[in-house]
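Chain residues, written in single-letter form:
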Amino acid sequence: MASNLPIGVFDSGIGGLTVVKEIMSQLPGERIIYFGDTARVPYGSKSKETVTAYSRQITRFLLGKEVKAIVVACNTVSAVAMDALLEEVPVPLIGVVKPGARAAVETSRSGSIGVIATETTIRSHVYNSFINGIDPKLQVYGKACPLFVPLVEEGWLNHHVTEEVVEHYLKELLEHDIDTLVLGCTHYPLLRDVIQAYVKEGITLVNPAYETTKKLKQCLADKDLLSSYKQVTDHTFYVSDGAEKFRSFANSILPCEIIETKDVNVKTFE
Ligand code: DGL
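Residues numbered from 1 in each chain as written. Predicted model: local features only at pLDDT ≥ 70, side-chain atom pairs only at ≥ 80, totals over all residues. Heavy atoms only, no water.

(A) Structural context of the site of the ligand. Around the ligand sit 14 residues, and of these Asp-11, Ser-12, Tyr-43, Gly-44 and Thr-76 come closest. Backbone polar atom of Tyr-43 to an oxygen atom of the ligand: 2.6 Å apart, as the coordinates give it. Contact distances for the ligand include 3.0 Å between an oxygen atom and a backbone N or O atom of Asn-75. Protein contacts shield 99% of the accessible area of the ligand, which totals 290 Å² for the unbound molecule. More than half of the atoms of the ligand fall within 2 Å of the grid points belonging to the largest cavity. (Near = heavy atom within 4 Å. Polar contact = N/O pair within 3.5 Å; in protein donor to acceptor, adjacent residues only side chain to side chain. Areas by Shrake-Rupley, 256 points an atom, 1.4 Å probe, with all protein chains shown as cover. 1 Å grid on protein atoms, 1.4 Å probe; cavity = no way out; pocket = protein on both sides within 12 Å on 5 of 7 lines; lining within 4 Å. Sits in = over half its atoms within 2 Å of the grid points.)

Right, dumping it as C-alpha cells:
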C-alpha cells in the first residue's frame, strides 16, 4: 500500500532532527527514513550550486528507498535548491521555508518580523519574498548567525559563550522593534531557551517545523497517503559520517530510542 511507505526527511546534519521530532509528535503513524549529510555540513556557507548538487544526491538516495514523500528539513536547501528538486522529484516535496514564512505572518501583530538563518539562506532573501508575497506591508529583517550551528553541534546549548554569541547577533535585530523571530535554521530551535531568555517575552519565536508538519499532514491527506498505522517506532537513520555520534545526539532529543544509524556514501547517487 503506497500510503504505508515511509517519508524521507533530510538535512545537512543533525538539525533536521528538530523536524523529525515534530513529525513524530503530529504524525506518530508515519515511518521516517532520515538522511543527515554529516560529512559535508555546514551547507549554510556554501553556494547554491553546491547545495543543489548535494541535495540531488540525497533525494535520489531517498527515492531509492521508496519514500512516498520527502521533507526538506533544511532551511538552506529549502531556500536555494527547492525549484531544482521540484523538477525531478516525482513524490510530494515539502520544504520548511514557505510554512515558516506563513507562520511568521500569522504570528506578527506589529508587522516587524526578524529572521535568523544561515548566510546562504539570508543572502537568498527567500523569507522576505515569501513573507512579502503574503503581505507586502510587513517589514522583514534578516540576520545570519553562522556561529549558532557549531555551538549546537558542540552541545553548548546553555553555555555562557552561547549567551554572548546570541547577544552579539540579536542586539541589532532588537533595534527594529520586531515582535516575531523566525528560527530559520533547523539547528536554532535547540537554542530556543537561550534565545528566548535574551529577547524576553514580547517576541514570539517561530519554529517552521510545526507548520511544515501541518502542511505535510494536509498534503498526505489530500493525496490519500496517510499511513494506516497508529504508532510506529521502526524509523531508519542514515548519515554520511559519524554514525555513532549522530545516534547518541538523536537519542538525546527524540522521544523514541534509535537503535542503529547507518553510514552511507551518498556521493554515488549521481
Ligand atoms: N540545516 C541547516 C539549515 O537549516 C543549517 C546547518 C548548515 O549550515 O548546514 O539551514
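Now that the structure is up, let's keep going.
(B) Fine view of empty space enclosed by the protein. In this structure the tally under the stated criterion is two cavities of 30 Å³ or more. As a volume, the largest cavity reaches approximately 90 Å³. Lining the largest cavity are 14 residues; nearest its centre among them are Ser-12, Thr-76, Thr-118, Cys-185 and His-187. Classifying every residue of the lining of the largest cavity gives six nonpolar, seven polar and one charged. Estimates place the volume of the second largest cavity at around 40 Å³. (Points joined across faces, edges and corners; volume = space filled by probe spheres on them. Nonpolar A, V, L, I, M, F, W, Y, C, P; charged D, E, K, R; others polar.)

(C) Representation of the side chain of Thr-59. Relative to the helices and strands, Thr-59 is located in helix H2 (residues 48-63). A polar contact is formed between the side chain of Thr-59 and the backbone oxygen of Arg-56, at a distance of 3.1 Å. Sequence-distant contacts of Thr-59, defined by excluding residues within four places in its chain, comprise Phe-10, Ile-70, Leu-85, Glu-88 and Val-89. (Helix = DSSP H or I, 4+ residues; strand = E, 2+ residues; numbered from the N terminus. Contact = heavy atoms within 4.5 Å.)

(D) Highlighting the pattern of salt bridges. The full count for this structure, using the stated rule, is eight salt bridges. The partner of Lys-143 in a salt bridge is Glu-172, with the nearest N and O atoms 3.5 Å apart. Residue Lys-143 is found in strand E6 (residues 139-144), and its partner Glu-172 is found in helix H9 (residues 160-174); the two are separated by 29 residues along the sequence. With relative accessibility at 41%, the residue Glu-172 sits in the partly exposed group. We note a salt bridge from Glu-211 to Lys-214, for which the minimum N-O separation is 3.5 Å. With a gap of three residues between them, Glu-211 and Lys-214 both fall in helix H11 (residues 208-222), about one helical turn apart. According to the relative accessible area criterion, Lys-214 is partly exposed, its value standing at 39%. Connected via shared salt-bridge partners are Arg-56, Arg-60 and Glu-88. (Salt bridge = Lys/Arg side-chain N within 4 Å of Asp/Glu carboxyl O. Buried < 20%, exposed > 50% of the residue type's maximum accessible area, 1.4 Å probe, protein only.)

(E) Representation of the packing of aromatic side chains in the model. One pass over the full model with this rule turns up eight aromatic pairs. Here the aromatic rings of Phe-237 and Phe-246 are separated by 6.1 Å at their centres, their planes lie at 45 degrees, and the arrangement is tilted. This pair shows no difference in class: Phe-237 is buried, exactly as Phe-246 is. Among the aromatic side chains, those forming a connected cluster through ring pairs are Tyr-34, Phe-237 and Phe-246. When the ring centre of Tyr-54 is taken as reference, the NZ or CZ atom of Arg-40 above it lies at 3.7 Å. (Phe/Tyr/Trp six-rings, centres within 6.5 Å; stacked < 30°, edge-to-face > 60°. Lys NZ or Arg CZ within 6 Å of the ring centre and 35° of its normal.)

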